[in-house]
Amino acid sequence: MSTPDLVIVGSGFFGLTLAERCATELDLRVLVLERRYHLGGNAYSEKDPETGIEVHKYGTHLFHTSNERVWEYVNRFTDFTAYQHRVFGKYQGQVYSLPMNLGLINQFFGRAFTPDEARALIAEQSSEIATEDATNLEEKAISLIGRPLYEAFIKGYTAKQWQTDPTELSPDIITRLPVRYTFDNRYFNDTHEGLPVDGYTAWLERMADHPNIEVRLDTDFFDVADEYKGTVPIVYTGPVDEYFDHREGRLSWRTVDLEAETLDVDDYQGTGVVNANDQDVPWTRVLEFKHLHPERTHLPGKTIVVHEYSRFAEDDDEPYYPTNTAEDRAKLLKYRELAKKEPLVLFGGRLGTYKYLDMHMAIGSALSMFDNKLKPYFSDGAAWASGGVDE
C-alpha cells in the first residue's frame, strides 16, 4: 500500500469496524497494524487440527446485544447460530444453575419456594447489612443477596478473581447482584444472542476483506511509529499508558491463564462453562468449547477442556479486565489530557479507553467514532479533535 489515509493500531473488533467503515463508506486506504500473528484481538479462534473443535484462544467469547444498529451491522459479515449461553457453578460437590434464580434457591436451601417466598427469604437474609452502610465488597454483597448465597457463590469466586479477600475490596466493584425469581437460567438478557456460524476468525477476516484495507501482522506500532505519527491520522487501540511510555504510571489490569488439554471422552462436563465457586479450587472456571456449537460434528471420543485462572497482569501479559482502582482512575484522567494534545491520534477500544467492553460494545463504540469523528473529518472537512479515551 502507498501512503495510507488512516492507520489503525490493533485488529480487534473496534479497529476492524473502523477499518471496514472507512474503506467501504469513505473509500479510504486503511493500514491496520497488528503486533500478534493473527487478527481479531482476543476474539480470535482457531480450529484444533486433531479434534476439529473451534478453540477460543483467549477464553470463551459469546456474542449478545440489544443494540439494533450493531446487530444489523454484524449480520453483514456472518450468520449466527441460535445458541443461548447458560452457566453452571460447582460448590461443595454440587452443581447449580446460574445466574442465581428460583431453581438455585430451591436446590441450595432444600425446599420448594414460590417466587414470593423466595423474595421474602432473600430480603430477610440481606437485611443483615444496609446497602448504604457497606464499606467493602463482602458487606455490599451480603446487603444485596444475604450471607448464605454470598458465601457459596460470590466469596470464593471473587477472592480468586481478584487474588484479594473480598473484605479488602471496594464495594463499588459490584453495583448489583441480580436474583431471578423464576426458573429462567439464560445468562444474558439481550434481544439478540448467538455464535458466528463459521467461527470468529472467519467473521473477522470478512470484515478485513476489502481492497482498501491492508493488515500487517507481527508488526509492533512502536517500531514503525515514526513513519506515521504527526503525518497520518491514527486510531490507536493499544494500552493508552503504553502509548505515552507510562509517564503517568502504569494502569493495572487483570489477566487470565488458560490451561488446555485434550481428553479421551466425548463429553467432560455437559456444558460450555462451569464456574468453580469453592475458594480452595485454584481455577475460576472450566471451559469445554464443543458445547458452544452442538450443531457441528466433531471427532467422537475427544474433547478439549480449558481450566481458567485469574491473576493480576504483569508487564508482558495480555490485559483482560481493567482493575480500575481509585489510583488507576486518577492516572487515566491524566492520560486523557495527554491524549487530547497528541496530534492526529484518536484512542479507542478496550485498551485505549481502559474500559472493559464486550464485543458488541466495542463495535458500537467504533461506529460512534466513525460517525462523530472520522466521517466529519474526512468527508466534511471538520477539524480534527484528538483524544477519545473517555468515549
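How each quantity is defined
Residues numbered from 1 in each chain as written. Predicted model: local features only at pLDDT ≥ 70, side-chain atom pairs only at ≥ 80, totals over all residues. Heavy atoms only, no water. UniProt positions renumbered as here; feature names shortened; annotations may be inferred. Helix = DSSP H or I, 4+ residues; strand = E, 2+ residues; numbered from the N terminus. Expected span 1.5 Å × (residues − 1). Buried < 20%, exposed > 50% of the residue type's maximum accessible area, 1.4 Å probe, protein only. Arc of directions from axis to C-beta. Contact = heavy atoms within 4.5 Å. Axes fitted to C-alpha atoms, helices over the stretch in contact; angles between N-to-C directions. Salt bridge = Lys/Arg side-chain N within 4 Å of Asp/Glu carboxyl O. Pairing = 2+ DSSP bridges. Phe/Tyr/Trp six-rings, centres within 6.5 Å; stacked < 30°, edge-to-face > 60°. Lys NZ or Arg CZ within 6 Å of the ring centre and 35° of its normal. Core = buried A, V, L, I, M, F, W, Y, C linked by side-chain atoms within 4.5 Å.

- Per an unreviewed UniProt entry, the chain goes by UDP-galactopyranose mutase and derives from Nocardioides aquaticus.
- On record in UniProt, under Sequence similarities (unreviewed entry), the comment for the chain is "Belongs to the UDP-galactopyranose/dTDP-fucopyranose mutase family."
- Recorded under Cofactor (unreviewed entry), the UniProt text for the chain is reproduced unchanged: "FAD".

1. A closer look at helix H11 (residues 326–341)
Move 1: Under the 1.5 Å per step criterion, the end-to-end length of H11 is 24 Å for 16 residues, consistent within 8% with the ideal 22 Å.
Move 2: Buried within H11 we find Asp 328, Lys 331, Leu 332, Tyr 335, Leu 338 and Ala 339. Seen along its axis, H11 keeps its buried residues to an arc of 120 degrees; they face one direction. Residues Ala 326, Leu 333 and Lys 341 are exposed on H11 and point more than 90 degrees away from its buried face.
Move 3: On its buried side, H11 packs onto helix H10 (240–243), strand E16 (345–347) and helix H12 (349–353).

2. Details of the packing of helix H1 (residues 13–26) against helix H8 (residues 200–208)
Move 1: At a minimum axis separation of 8 Å, H1 and H8 run at an interaxial angle of 35 degrees. Contacts from Phe 13, Leu 16, Thr 17 and Glu 20 of H1 reach H8 at Tyr 200, Trp 203, Leu 204, Met 207 and Ala 208.

3. Examining the pattern of salt bridges
Move 1: Taken as a whole, this structure holds 26 salt bridges when the rule is applied.
Move 2: Put simply, Asp 184 and Arg 180 hold a salt bridge, and the shortest N to O gap is 3.7 Å.
Move 3: Salt bridges sharing partners connect three or more residues here, namely Glu 34, Arg 35, Arg 36 and Glu 318.

4. Comments concerning the pairing of strand E6 (residues 87–91)
Move 1: Here E6 shows a buried face lined by Val 87, Gly 89 and Tyr 91 and an unburied face lined by Phe 88 and Lys 90.
Move 2: As paired elements, E6 and strand E7 (residues 94–98) share 5 bridges and run antiparallel to each other. Opposite Gly 89, over in E7, you have Tyr 96 as the bridge partner.
Move 3: A loop of 2 residues connects E6 with E7, the two strands running antiparallel in sequence, and Gln 92 in this loop sits at a positive phi of about 50 degrees.
Move 4: With 4 bridges connecting them, E6 and strand E12 (residues 273–276) associate as parallel partners. Paired with Val 87 across the bridge in E12 is Val 273.

5. Description of the UniProt feature "domain: UDP-galactopyranose mutase C-terminal" (unreviewed entry) in the chain
Move 1: Per the UniProt record, "domain: UDP-galactopyranose mutase C-terminal" (unreviewed entry) is found at residues 152–356.
Move 2: Taken as a whole, residues 152–356 contains 23% helix and 21% strand, while its terminal C-alpha atoms sit 26 Å from one another.

6. Some words on the environment of Thr 3
Move 1: By secondary structure assignment, the location of Thr 3 is in the segment before strand E1 (6–9).
Move 2: The exposure class assigned to Thr 3 is exposed, which follows from its relative accessible area of 56%.
Move 3: Placed 26 residues apart in sequence, Thr 3 and Arg 29 show a C-alpha to C-alpha distance of 8.1 Å.
Move 4: What Thr 3 contacts, discounting residues up to four positions off in sequence, is Arg 29 and Val 232.

7. Here's the deal with the packing of aromatic side chains
In this description, an aromatic ring pair is defined by two values, namely the gap between the centres and the angle between the planes.
Move 1: With the rule as written, the count across this model stands at 33 aromatic pairs.
Move 2: Clustering of aromatic rings is evident, with ring pairs tying together Phe 221, Phe 222, Tyr 236, Tyr 243, Phe 244, Tyr 335 and Phe 347.
Move 3: Positioned above the aromatic ring of Tyr 58, the side-chain terminus of Arg 36 is 4.6 Å from the ring centre.

8. Focus on the sheet that holds strand E10 (residues 234–236)
Move 1: Pairing in this open sheet of 5 strands is parallel, and the strands run E9-E2-E1-E10-E16 from one edge to the other. Each edge of the sheet is formed by a strand with only one pairing partner; in this case those strands are strand E9 (213–216) and E16. Going from strand to strand, the sheet's axes swing by 20 degrees on average, the running direction of each strand aside.
Move 2: Pairing of E10 with E16 involves 3 bridges; the strand directions are parallel.

9. Re the nonpolar core
Move 1: Counting 59 residues, the largest nonpolar core has Phe 13, Phe 63, Val 74, Trp 203 and Ile 363 as its most contacted members.
Move 2: Considering each element in turn, this core owes the most residues, 5 residues, to H8.
Move 3: Residues Ala 225, Val 240, Phe 244 and Val 345 belong to the second largest nonpolar core, which totals 24 residues.

10. Some points on the sheet that holds strand E15 (residues 321–322)
Move 1: Spatial strand order, E7-E6-E12-E13-E14-E11-E15: 7 strands in an open sheet with mixed pairing. A single partner strand is all that each edge strand has here, and the edge strands are E7 and E15.
Move 2: Across 10 bridges, the pairing between strand E11 (residues 253–263) and strand E14 (residues 303–312) is antiparallel. Paired with Glu 259 across the strands is His 307, a residue of E14.

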